[in-house]
2 protein chains.
Amino acid sequence: MQPTPRTTPSRLAKRAQYDEETVYSILDESMFCTVSFTIDGQPFALPTAFARYEDRIYLHGSVGSHFIRELEKGIPVCISVMLTDALVVAKSAFHHSVNYRSVVVFSNAEKVEDTTLKWEALRWITEKIVPNSWEYLRPMTESEVRKTTVLSFPIVEASAKLRTGMPKDDEEDQELPIWSGLIPLRTVRETPVGDEFSKNVSLPEHLTHLPS
Amino acid sequence: MQPTPRTTPSRLAKRAQYDEETVYSILDESMFCTVSFTIDGQPFALPTAFARYEDRIYLHGSVGSHFIRELEKGIPVCISVMLTDALVVAKSAFHHSVNYRSVVVFSNAEKVEDTTLKWEALRWITEKIVPNSWEYLRPMTESEVRKTTVLSFPIVEASAKLRTGMPKDDEEDQELPIWSGLIPLRTVRETPVGDEFSKNVSLPEHLTHLPS
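Here the structure is a predicted model, which means the values were calculated and not measured.

It is worth spelling out the overall build of chain A at this point. Within chain A one finds five helices and 12 strands. Structurally, chain A occupies a C-alpha span of about 65 × 50 × 30 Å along its principal axes. Taking all 212 residues of chain A together, the buried fraction comes to 55%. In chain A, the proportion of contacts linking residues at least 24 apart, taken out of those at least 6 apart, comes to 72%. Accessible surface for chain A amounts to roughly 9,900 Å². Of this, 49% is attributable to carbon and sulfur atoms. Considering chain A, the positive charge centre built from 23 side chains and the negative charge centre built from 30 side chains are found 3 Å apart.

Listed below in structure tokens is the structure:
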């Protein structure tokens, strides 16, 4: 993707990346995004599930949701995600940092009217959160699809920003007897806990081997 | 806090909470927030570290940062956080959900000019990420403080939104032989990894017992 004024950071521009592989992989690893939008000059933000497929981001919500109704007008939105890989602990507070991988996408919603694409998008969103679950679940009904709005956002103007590696302490601090390094962070999926209606149901294969 | 039109959800209003204890505890457990703001009608969003102290949120950044310079003008911002506690796996895709605790704060920055408060805020932000580390680190210098802008945001208009508990499947689906329940999510801090300047430095006490 081409950098634009909006996707060029004012500082630490070397941390910015624009290639689709980097942008897409960060989007695909993020379970949730934050959608920021503006109404009458006031910024709003909502966290939500999403899926990327090819060069688009798909969100869904109730047809009655105020949020969805505003977005489906096609107003400008900023969709952001951040994965935090490690706390960067330096010898001085000033050089503390975070190893992160973030993406910002500037886009406008298009309402998905095509029924086949709508079903597909709902499957992508569901399987992003719980991979390989779609065929196992009670099939979606036409009424459920009618109650749901799916929005599609072209990924045209987007950038990734990354920090990796160890702390960068001042040279004169490097020999101080103060510990510096990384504290890795990881989000784990723990053992599933069944509800009262699953007492006699064995855990399906796709839930016994969860992605980390 | 009093609900306002901006902090009243259009749907699932029963999930909203306005008491300070709930709002503050979610802010305090979140390591990072997303700051959303608007320039010339275009929404922007940036993830950043922060700390809450009493009824304010504190952010910091380089005095040269475009982001910080825009915010310090006092433009309207929306600060949001989301903690994800579990994936809610229902018997139908339609009733899948997420157990989350989110907070949205509508506010405007005030630039912290008082030097004592500025130092304090930088300590709060540092110790939020690595508790009890401030006294151990190489002391901050006046020059470092001068290079940093600290912004303070009054928490006056804010709301929390929460979902807890098991999936809510349709009654006619409850006896289906499909597993339903929760997949708990947890962010863990893993064993610290020292850099090349810490080979002969033992891990300090505050890093051997990390918060989970």
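Another point: the interface of chain A and chain B. With 81 residues of chain A at the contact, the number on the chain B side is 81 residues. Summed over both sides, the interface between chain A and chain B buries roughly 6,900 Å², with carbon and sulfur atoms accounting for 67% of that surface. Contact with chain B buries surface across chain A, with Phe 94, Arg 138 and Trp 179 of chain A losing the most and accounting together for 11% of the total. Here chain A and chain B share six salt bridges between them. Residue Arg 138 of chain B is joined to Asp 173 of chain A by a salt bridge in which the shortest nitrogen-to-oxygen separation is 2.8 Å. The tally of links between chain A and chain B comes to 29 residue pairs in polar contact (both at pLDDT 80 or more). Listing elements by their share of the side of chain A that touches chain B, those giving two or more residues are β2 (32-39), β3 (42-49), β6 (76-89), β7 (97-108), α3 (115-129), β11 (181-189) and β12 (193-194) of chain A. In terms of residue count, the dominant contributor to the side of chain A that touches chain B is β11 of chain A (nine residues). Classifying every residue of the side of chain A that touches chain B by side-chain character gives 43 nonpolar, 25 polar and 13 charged. Looking at chain direction, β11 of chain A and strand β12 (residues 193-194) of chain B are connected through two bridges and run antiparallel.

Moving on to the pattern of salt bridges. All names here are of chain B. All chains considered together, the criterion is met by 26 salt bridges over all chains. Lys 73 is the partner of Glu 70 in a salt bridge, and the nearest nitrogen-oxygen pair spans 3.1 Å. By relative accessible area, which is 59% here, Lys 73 ends up exposed. Arg 123 is the partner of Glu 120 in a salt bridge, and the nearest nitrogen-oxygen pair spans 3.1 Å.

The next thing to look at is the sheet that holds strand β9 (residues 148-154) of chain A. All names here are of chain A. Reading across the sheet, the four strands line up as β4-β5-β9-β8 and stay open at both edges, with antiparallel pairing between neighbours. In the strand order of this sheet, the two ends are held by β4 (51-53) and β8 (110-111), each with one partner. Note: β8 against β9, two bridges, orientation antiparallel. For Glu 110, the partnering residue across the bridge sits in β9 and is Ser 152. Taken strand by strand, α3 contacts β4, β5 (56-62) and β9, and its axis lies near 95° from that of β5.

What follows is about the relation of the copies chain A and chain B. Once chain A is rotated about the relating axis by 180° and shifted along it by 0.0 Å, it coincides with chain B to within an RMSD of 0.0 Å. Here the transformation between the copies is reduced to the relation of a two-fold axis. Rotation axis and chain A: the residue whose C-alpha lies nearest the axis is Thr 187 of chain A, separated from it by 2.1 Å. By residue overlap, the copies meet face to face through one surface: 100% of the interface positions of chain A are interface positions in chain B.

Okay, the side chain of Thr 48 of chain B next. Within the fold, Thr 48 of chain B resides in strand β3 (residues 42-49). Excluding residues within four positions of it along the chain, Thr 48 of chain B makes contact with Phe 32, Cys 33, Val 35, Leu 59 and His 60 of chain B.

Moving on to the environment of Trp 134 of chain B. Inspection of the secondary structure puts Trp 134 of chain B in the loop between α3 (115-129) and α4 (142-146). Residues Trp 134 of chain B and Trp 124 of chain B lie 10 residues apart in sequence; the distance between their C-alpha atoms is 8.9 Å. Apart from the residues lying within four places of it in its own chain, the contact partners of Trp 134 of chain B are Ala 93 of chain A together with Trp 119, Leu 122, Arg 123, Thr 126, Glu 127 and Met 140 of chain B.

The next subject is the pairing of β9 of chain A. Residues and elements named next belong to chain A. Most of β9 sits out of view: seven of its seven residues are buried. Residues of β9 alternate between two faces, with Thr 148, Val 150, Ser 152 and Pro 154 on one and Thr 149, Leu 151 and Phe 153 on the opposite face, all of them buried. Alignment of β5 against β9, held across seven bridges, turns out to be antiparallel. Following the sheet pairing, Ser 62 is matched in β9 by Thr 148.

So, how was this worked out
- Residues numbered from 1 in each chain as written.
- Chains lettered and ligands numbered in written order.
- Predicted model: local features only at pLDDT ≥ 70, side-chain atom pairs only at ≥ 80, totals over all residues.
- Heavy atoms only, no water.
- Helix = DSSP H or I, 4+ residues; strand = E, 2+ residues; numbered from the N terminus.
- Buried < 20%, exposed > 50% of the residue type's maximum accessible area, 1.4 Å probe, protein only.
- Contact = heavy atoms within 4.5 Å.
- Areas by Shrake-Rupley, 256 points an atom, 1.4 Å probe, with all protein chains shown as cover.
- Lys, Arg positive; Asp, Glu negative; His and termini not counted.
- Charge placed at Lys NZ, Arg CZ, Asp CG, Glu CD.
- Buried area = accessible area lost by both parts, 1.4 Å probe.
- Salt bridge = Lys/Arg side-chain N within 4 Å of Asp/Glu carboxyl O.
- Polar contact = N/O pair within 3.5 Å; in protein donor to acceptor, adjacent residues only side chain to side chain.
- Nonpolar A, V, L, I, M, F, W, Y, C, P; charged D, E, K, R; others polar.
- Pairing = 2+ DSSP bridges.
- Axes fitted to C-alpha atoms, helices over the stretch in contact; angles between N-to-C directions.
- Least-squares fit on C-alpha atoms with pLDDT ≥ 70 in both.

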